[in-house]
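Here's the letter readout for the chains.
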Amino acid sequence: FYPLEADAGADFVGSGSGVGRNINVPWAVRGKGIRNPPPGDADFAHAFSEIVIPAAKEFAPDIVFISAGFDSAFGDSMGGCQLTPTGYHHM
């Protein structure tokens, strides 16, 4: 399952010609090192402002496609996070 896979960790940065083009921001929501409370709007906003946005600006793509899952949404038992609709909007 993807959160526990080797390519889901912060240290996985892609492979082959994609090295350096992959960014993972993992959250410890299950098992060892679990966050209490789970990550929410402020955590996601911080990750975006400090990691995702700077990387996107450096890469400077011509077009961006987004595949947005909602397992980080508040109340989703799979993701275990507390991201609200407002948090999704800000991202």
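The structure contained in this document is the topic of the report that follows. This one's a predicted model, so the numbers in the text were calculated from it and none came from an experiment.

## Some points on the overall build of the protein
Consideration 1: Helix and strand counts for the protein stand at 2 helices and 0 strands.
Consideration 2: Counting the 91 residues in the protein, one finds 16% classified as buried.
Consideration 3: Looking at the protein as shown, the accessible area adds up to about 6,900 Å², and 60% of this sits on carbon and sulfur atoms.
Consideration 4: Of the side-chain charges in the protein, 5 are positive and 10 negative, and the distance between the mean point of each set is 5 Å.

## Remarks on the nonpolar core
Consideration 1: Listed in full, the 6 residues of the largest apolar core are Val-29, Phe-44, Ala-73, Cys-81, Leu-83 and Tyr-88.
Consideration 2: Once residues lying within four places of it in the same chain are set aside, the contact partners of Leu-83 are Pro-39, Gly-40, Asp-41, Phe-44, Ser-72, Ala-73, Phe-74, Tyr-88 and Met-91.

## Quick word on the environment of Ala-55
Consideration 1: Tracing the chain through its elements places Ala-55 in helix H1 (residues 41-59).
Consideration 2: Considered as a pair, Ala-55 and Ala-45 are 10 residues apart in the sequence and their alpha carbons are 15 Å apart.

## A closer look at H1
Consideration 1: When the terminal C-alpha atoms of H1 are compared, their 25 Å separation across 19 residues agrees well with the 27 Å that a helix rising 1.5 Å per residue should span.
Consideration 2: Within H1, the axis deviates most sharply at Phe-48, by approximately 45°.
Consideration 3: With its phi angle positive at about 50°, Ala-60 sits one or two positions after the end of H1.

## A look at the environment of Asp-62
Consideration 1: Residue position: Asp-62 is located in the loop between H1 and helix H2 (85-90).
Consideration 2: Taking the C-alpha atoms as reference points, Asp-62 and Val-25, 37 residues apart in sequence, are found 23 Å from one another.

## Considering the packing of aromatic side chains
Consideration 1: Considering all chains together, one arrives at 2 aromatic pairs under this definition.
Consideration 2: Here the aromatic rings of Trp-27 and Phe-44 are separated by 5.1 Å at their centres, their planes lie at 45°, and the arrangement is tilted. Residue Trp-27 is found in the segment before H1, and its partner Phe-44 is found in helix H1; the two are separated by 17 residues along the sequence.
Consideration 3: Take Trp-27: its relative accessible area is 25%, and that puts it in the partly exposed class.
Consideration 4: Both rings, one in Phe-70 and one in Tyr-88, keep their centres 5.0 Å apart while their planes meet at 50°; by these two values the pair is tilted.

Reading guide: rules and limits
Residues numbered from 1 in each chain as written. Predicted model: local features only at pLDDT ≥ 70, side-chain atom pairs only at ≥ 80, totals over all residues. Heavy atoms only, no water. Helix = DSSP H or I, 4+ residues; strand = E, 2+ residues; numbered from the N terminus. Buried < 20%, exposed > 50% of the residue type's maximum accessible area, 1.4 Å probe, protein only. Areas by Shrake-Rupley, 256 points an atom, 1.4 Å probe, with all protein chains shown as cover. Lys, Arg positive; Asp, Glu negative; His and termini not counted. Charge placed at Lys NZ, Arg CZ, Asp CG, Glu CD. Core = buried A, V, L, I, M, F, W, Y, C linked by side-chain atoms within 4.5 Å. Contact = heavy atoms within 4.5 Å. Expected span 1.5 Å × (residues − 1). Bend = angle between axes of the 7 residues up to and from the residue. Phe/Tyr/Trp six-rings, centres within 6.5 Å; stacked < 30°, edge-to-face > 60°.

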